[in-house]
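One-letter residues, chain by chain:
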Amino acid sequence: MTVRLGDTLTGEVRPLEPLEPGHVRVYSCGPTVYGPAHVGNFRAFTFDDLLVRYLRFRGFRVTWVMNVTDVDDKIIKAAAAEGVGIEEISARYSKVFLDDLATLGIRQPDVLPRATENIPQMVALIQTLLEGGHAYRTDDGSVFFRIASWPDYGQLARLERVDANEMRVGERVEADEYGKDDVRDFALWKGPKPGEPSWDTAIGPGRPGWHIECSAMSMRYLGESFDIHTGGVDLIFPHHTDEIAQSEAATGQRFVRHWLHNAFLQMGGQKMAKSTGNIERVPEIVARGVPARALRLALISAHYRTALSFSEESLDAATAAVERLDAIVAALAAYQSDAAGDDPTVGALLDGAREAFVAAMDDDLNISPALAAVFDLVRELNRRIAARSMSTADAGRALQALRDLDEVLGLLPPADDALTPELQALLDARAAARAAKQWAESDRLRDALAERGIAVEDTRDGQRWRRQVASRV
RNA sequence: GGCGACGUGGCGAAGUGGCCCAACGCGGCGGUCUGCAAAACCGCUAUUCAUCGGUUCGAAUCCGAUCGUCGCCUCCA
């Protein structure tokens, strides 16, 4: 069994064969920190996280790099609007971004390079392109990539048959991009302008173009050729198309082995986008009572190349599903066997679930059947809990098996959760009340615990508690 | 206009030639258990996969047409 992954460039799904056996190098297009990202953006990042977690689960060493674009038109604009430097804007929203990642259980990339800290690398790349005849300067100090010098241009976006003159991009050339030889040519370096940040470099003053940073930073940390590059479908053209052209023109090597592009989050039948106005942000959703883990589930619950519907209903469904997971965790943790011996079929049950999970995820991260494998296991474990057919050790093994799979999913409640003395006292008092059949007192204590966010359930294993997933407001 | 994706139950979403009268999650209905509650379990909830034709022994899965939806082509995850 091997991990198979898609590739936008060829349209096929094929085995992942890392350039360095056992070590996968992943580059993810990260945020432009000009404002807070919305949940639609986080579909990409939850997908990146799922990919990396799964590769590590499968035993690969993974080096994961995600860029942070901290200089670009929008940041300059935002800074100007507030009368502050771009550093202030990018620092502020980098923090917001990292907070949101943490909320969603997205692990931090190994490297989070910033564009402004990689200017020399970009300049070096541009120099190579100039020397190789793939780039040219214009009067305003800008440098453009010469698409005519790169016959393979546009394969990723399947533009090969498109006549340059028919490309609509030609109708929408930005005012500051005059002087280009060909309308399709794109800026590697933007000449200096009053009121804009500028770096003095070997190719003259100015600031980097949009695409060059990803080429420079990915090559710096992952090499001239690496395994996986991720991003949203919207980046296929022009961003990734241009990255391929400039990178391969500079190095003569194949840039990326697998291009993985996630589809959009849909809300109200359209993609969630700032321009459409149908956006929501992570802190807003959490603030109105949606558990962060439910939000994470809602974002990862469909295959990455499929448009995913996002709505109140999908959040409610995800919340209920997460509660189901919480319930099985609490039940397994509380389970005490009635002195029965180990159930000899539990091992096969757990192995079977893991195999089904792995088979699904190996197939281009097919999350739906993988989740189905988990929920099938949950149902079967619930049956056995009800039937009291497992030993206490069986229940422990089952919980561990779930936690193993959760290394990939990131949906289970924390394992090291402990009650405060106050809550524990309430719980103990309720147990005593129940033992004395003081139902009114027992119910009162249950309500008191519920008000403090602890759900108590009575079972043959005694009281069982779990933290209530936040309730909707 | 060019390129591409997609239309599966009340909702979300798997399945891409026979295991499908279609997984899984959510919701609904009925039941079991229980001091009550909750959780859980059991049963029911699409003879059907946008529509119409075709290929095939056999299609949700392949082909064609039609209708519809969405995305990219401009910043965008």
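The shown structure was predicted, so the numbers you read here are calculated from the model rather than taken from an experiment.

What counts as what
Along each chain, the written sequence defines residue order, and numbers are assigned to residues from 1. Lettering of chains starts at A and numbering of ligands starts at 1, both following the order in which they are written. Selection of residues for local features in this predicted model requires a pLDDT of at least 70, selection of side-chain atom pairs for listing and counting requires 80 or more, and totals for whole chains, interfaces and linings are taken over all residues. Excluding hydrogens and water, the side-chain figures rest on all heavy atoms present in the structure. Only runs of H or I of at least four residues qualify as helices and only runs of E of at least two qualify as strands under DSSP, and these elements are numbered from the N terminus. Buried residues are those whose accessible area, probed at 1.4 Å on protein chains only, stays under 20% of the maximum for their type, while exposed residues exceed 50% and partly exposed ones sit between those limits. Contacts: residue pairs with any heavy atoms within 4.5 Å of one another. Domain segmentation is taken from an automatic or database assignment of domains. What counts as buried area is the accessible surface, traced by a 1.4 Å probe, that two parts surrender upon association, with contributions from both included. In this description, strands pair whenever DSSP reports at least two bridges between them. For the handedness criterion, the strands are oriented away from the viewer, and a crossover whose path from the first strand over the helix to the second runs clockwise is classed as right-handed. The convention used is that axes are lines fitted to C-alpha atoms, helices contributing only their stretch in contact, and that angles between N-to-C directions extend from 0 to 180 degrees. Any angle from 65 to 115 degrees is called roughly perpendicular, while one under 35 is roughly parallel, one over 145 is roughly antiparallel, and all others are oblique. Take the far helix as the reference: if the near one is turned anticlockwise from it by less than a right angle, the crossing is left-handed, and if turned clockwise, right-handed. Under the grouping applied here, Gly and all other residues not named as nonpolar or charged are polar, the nonpolar ones being Ala, Val, Leu, Ile, Met, Phe, Trp, Tyr, Cys and Pro and the charged ones Asp, Glu, Lys and Arg.

*Asks:* Looking at this structure, I do not really get the environment of L125. What am I missing?
*Replies:* Here L125 is to be found in helix α4 (residues 119–131). Note on L125: relative accessible area 10%, which makes it buried. In the structure, L125 is positioned 19 residues away from I106 in sequence and 31 Å away in space, judged by C-alpha atoms. Ignoring any residue separated from it by four or fewer positions in sequence, one finds L125 in contact with I212, S215, A216, M219 and A250.

*Asks:* Got a minute to help me understand the domain arrangement of chain A in this structure?
*Replies:* In terms of domains, chain A is made up of domain 1 (18–271), domain 2 (324–409) and domain 3 (421–467). When each unit is reduced to the centre of its C-alpha atoms, the spacing between domain 1 and domain 2 is 42 Å. Every contact between the two is made by 8 residues of domain 1 and, on the other side, 13 residues of domain 2. For the pair domain 1 and domain 2, the summed buried area comes to about 950 Å², and 66% of that belongs to carbon and sulfur atoms.

*Asks:* Looking at this structure, I do not really get the pairing of strand β3 (residues 23–28). What am I missing?
*Replies:* Look at any regular strand and the pattern is simple: side chains alternate between the two faces of the sheet. Most of β3 is tucked away, with 6 of its 6 residues classed as buried. Bridge count for β3 against strand β4 (residues 61–66) is 6 bridges, and the pairing is parallel. Bridged to V24 within β4 is V62. Remark: the β3/helix α1 (residues 39–57)/β4 crossover connection has right-handed handedness. Direction of pairing for β3 relative to strand β9 (residues 226–232): parallel, over a ladder of 3 bridges. The residue of β9 that forms the bridge with S28 is T230.

*Asks:* I tried to follow the packing of α1 against helix α10 (residues 346–362) on my own but got confused; where do I start?
*Replies:* Working note: a packed helix pair is described by the angle between its axes plus the distance between those axes. Between α1 and α10, the shortest axis-to-axis distance is 12 Å and the interhelical angle comes to 125 degrees. Between α1 and α10, the angle falls in the class oblique. Handedness of the α1/α10 crossing: left-handed. Seen from α1, the contacting residues are L50, Y54 and F57; seen from α10, they are R354, F357, V358, M361 and D362. Residue classes in the contact of α1 with α10 are distributed as 6 nonpolar, no polar and 2 charged.

*Asks:* Explanation requested: unusual backbone geometry in the structure shown.
*Replies:* Most peptide bonds adopt trans geometry, and most residues besides glycine take a negative phi value. The residue after F237, namely P238, is reached through a cis peptide bond having omega 0 degrees. By the element assignment, P238 lies in helix α6 (residues 236–251). Of note in this structure, L365 is not a glycine but carries a positive phi near 55 degrees. Structurally, L365 is set in the loop between α10 and α11 (367–387). In the Ramachandran plot, R388 falls in the positive-phi region, its phi being about 60 degrees despite a non-glycine side chain. By secondary structure assignment, the location of R388 is in the loop between α11 and α12 (392–409).

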